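# Architecture at a glance
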Amino acid sequence: MSKSSQTGPAAVDKRYLRRAFALAKLGSGLTLPNPRVGAVLVRSGRIIGEGYHQRAGSPHAEVNAVADARKRGHAIAGATLYVTLEPCSTQGRTPPCTGLILREKIARVVFAATDPNPAHAGAATQLLHAAGVNVSSGLIADEAMALNRDFNWWIVQRRPWVVAKIALSMDGRITTPPGDDRWLTSPEARTIAHELRWESDAILVGAETARQDNPRLTVRLPGRRGKVQPWRVIVTKSGRLPKELHLFSDRHRDRTLVFQNRPLREIITALGAWDVSHLLIEGGGKILTEAFRQNLVNEVAFFIAPAVMGTLPRALEKLPTPVRLHDVSYTPAGPDLFCRALVTSSKATRR
């Protein structure tokens, strides 16, 4: 690659967009069912304002970047706005950002990904072009789609992005032997599991897991604030669930939902209609198997412990066809191995 191509306009745009990406990630787990978005205002090669979308219903990234520039004492007219997602062009819980761009006389807008909603895709580009604003898009678009793959999937499919989380031994077992009350995985792995909960706006388990493990399904990350407790969803056929379970008796009991004798696909669709865009399935094996059998899983999060249990049940029951994965990552978690990957058949990043 030549020196000129490394330092040309596209390289400059990418540098500021990557800063916007870093800002957008600060809203991870807090913005759903809205996308994670970051924005940077630049004038004469210098950042004059930054912002990101902090939570659903709060000001958008562009609004926060403009407010930051004003706080710093900078004039905004004539600046360039870098944003990870096409600015919104319709009234929602907050006014459209295209109106802000025009009112502030921002001269140029560079965004990475087009709005995934087919009803809105490209609308901001047309509106801003018509008003004389210079608009560029498409740089690092794949990263932009990956940043909001759960939102992109939900906005088009109206079903939540589904992550299947399993902790298992090296022989594929999910329980320790009778009388062994030790955790299967390490504290480091359990911290990552809470990060998965932080990313989600609902956590689903089967009735047997609720009865046997009596889980809390809460997000417990020291120092983290601002996260609304995800919905805690129990799937049951019989409806026989002890009332003393934590899910019914703790301070988050109003965040517990019970679905009795309903198909899993119907439950997941209903959650999507209630603005659940990111669903974490934590167990047990029967529920996870059913999710895989019905092609409802978009992503896997497996914790593999360095142990051989020899117990029953296995992590999953028999599947009709193999589940192929891509974009696989392996991360050490104390003595355990954390594997995260996308399910090939989901096509989740495509519109």
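All figures in this text were calculated on a predicted structure; none of them were measured in a lab.

### Looking at the overall build of the protein chain
- Within the protein chain one finds 12 helices and 13 strands.
- Relative to its length of 351 residues, the protein chain is compact, with a C-alpha radius of gyration of 23 Å against a globular reference of 20 Å.
- Each principal axis of the C-alpha distribution contributes one length, and for the protein chain these read about 70 × 45 × 40 Å.
- Out of the 351 residues in the protein chain, the part that is buried amounts to 50%.
- About 17,200 Å² of surface is accessible on the protein chain, with carbon and sulfur atoms providing 52% of the total.
- Here the protein chain holds 49 positive side-chain charges and 30 negative ones, and the gap between their average locations is 3 Å.

### Quick look at the sheet that holds strand E4 (residues 108-113)
- With respect to topology, five strands assemble into an open sheet ordered E2-E1-E3-E4-E5, the strand pairing being mixed. The open sheet terminates on both sides in strands that have one partner only, identified here as strand E2 (46-52) and strand E5 (134-137). Strand-to-strand, the axes of this sheet are offset by a mean angle of 15°, without reference to chain direction.
- Bridging between strand E1 (residues 38-43) and strand E3 (residues 80-85) involves four bridges; their strand directions are antiparallel. Looking at the pairing, Leu-41 lines up with Leu-81 of E3.
- Against the sheet, helix H2 (residues 9-24) engages E1, E2, E3 and E4, with an angle of about 140° to E1.

### Quick notes on H2
- In this model, H2 (16 residues) spans 22 Å end to end at C-alpha, consistent with the 22 Å of a helix rising 1.5 Å per residue.
- Those residues of H2 that sit buried are Asp-13, Tyr-16, Leu-17, Ala-20, Phe-21, Leu-23 and Ala-24. All buried residues of H2 project into a common sector of 155° when viewed along the axis, lining one side.
- Elements in contact with the buried residues of H2: E1, E2, E3, E4 and helix H6 (141-147).

### So, the layout of surface pockets
- Looking at the second largest pocket, its volume works out to about 590 Å³.
- What lines the second largest pocket is a set of 27 residues, among which Asn-34, Pro-35, His-60, Cys-88 and Phe-151 lie closest to the centre.
- Put simply, the parts of the chain that give the lining of the second largest pocket at least two residues each are helix H3 (61-71) and helix H7 (149-157).
- Element by element, the count of residues in the lining of the second largest pocket is highest for H7, at three residues.
- Residues belonging to the lining of the second largest pocket are distributed by class as follows: 11 nonpolar, 11 polar and five charged.

### Description of the sheet that holds strand E13 (residues 336-343)
- Here we have eight strands laid out as an open sheet, ordered E9-E8-E7-E10-E6-E11-E13-E12, and mixed in their pairing. One side of each edge strand has no neighbouring strand; the edge strands of this open sheet are strand E9 (256-260) and strand E12 (325-333). Direction aside, the axes of adjacent strands within the sheet are offset by 20° on average.
- Here strand E8 (residues 231-236) runs beside E9; their pairing, made up of five bridges, is parallel. Looking across to E9, one finds that Val-235 is bridged to Phe-259.
- The strands touched by H7 within the sheet are strand E6 (161-169), strand E10 (278-283), E12 and E13, with E6 carrying the most contacts at an inclination of about 130°.
- Of the strands in this sheet, E6, strand E7 (202-206), E8, E10 and strand E11 (299-305) are in contact with helix H12 (residues 285-293), which crosses E10 at around 130°.

### Section: the pairing of E5
- With four bridges connecting them, E4 and E5 associate as parallel partners. Its bridge partner lying in E5, Val-109 is registered against Val-135.
- After leaving E4, the chain enters helix H5 (residues 123-130) and then returns to the sheet as E5, a path that is right-handed.

### A closer look at the confidence of the model for the protein chain
- Here the protein chain shows a mean pLDDT of 92. Residues at 70 or above account for 96%.
- Note on residues 1-5: pLDDT under 50 across the span, and two contacts to partners over four residues away in sequence or across chains.
- With pLDDT under 50 throughout, residues 346-351 is counted as low confidence; its partners more than four residues away or in other chains account for 13 contacts.

### A closer look at the pattern of salt bridges
- This structure, assessed with the given rule, holds 16 salt bridges.
- Taking the shortest distance from any N to any O, the salt bridge between Glu-282 and Lys-165 comes out at 3.9 Å. Linking Glu-282 in strand E10 with Lys-165 in strand E6, this pair joins segments that are 117 residues apart in sequence. The exposure classification of Glu-282 matches that of Lys-165, with both residues buried.
- Among the ionic pairs, Arg-232 bridges to Asp-250, the shortest N-O distance being 2.8 Å. Note that Arg-232 is positioned in strand E8 and Asp-250 in the loop between helix H10 (246-249) and E9, a separation of 18 residues in sequence.
- Among the residues examined, Arg-232 registers a relative accessible area of 0% and is labelled buried.
- A network of salt bridges, in which partner residues are shared, links Lys-165, Arg-197 and Glu-282.

How each quantity is defined
- Residues numbered from 1 in each chain as written.
- Predicted model: local features only at pLDDT ≥ 70, side-chain atom pairs only at ≥ 80, totals over all residues.
- Heavy atoms only, no water.
- Helix = DSSP H or I, 4+ residues; strand = E, 2+ residues; numbered from the N terminus.
- Rg over C-alpha atoms; globule rule 2.2 N^0.38 Å.
- Buried < 20%, exposed > 50% of the residue type's maximum accessible area, 1.4 Å probe, protein only.
- Areas by Shrake-Rupley, 256 points an atom, 1.4 Å probe, with all protein chains shown as cover.
- Lys, Arg positive; Asp, Glu negative; His and termini not counted.
- Charge placed at Lys NZ, Arg CZ, Asp CG, Glu CD.
- Pairing = 2+ DSSP bridges.
- Axes fitted to C-alpha atoms, helices over the stretch in contact; angles between N-to-C directions.
- Contact = heavy atoms within 4.5 Å.
- Expected span 1.5 Å × (residues − 1).
- Arc of directions from axis to C-beta.
- 1 Å grid on protein atoms, 1.4 Å probe; cavity = no way out; pocket = protein on both sides within 12 Å on 5 of 7 lines; lining within 4 Å.
- Points joined across faces, edges and corners; volume = space filled by probe spheres on them.
- Nonpolar A, V, L, I, M, F, W, Y, C, P; charged D, E, K, R; others polar.
- Right-handed = clockwise from strand over helix to strand, strands pointing away.
- pLDDT = per-residue confidence, 0-100.
- Salt bridge = Lys/Arg side-chain N within 4 Å of Asp/Glu carboxyl O.

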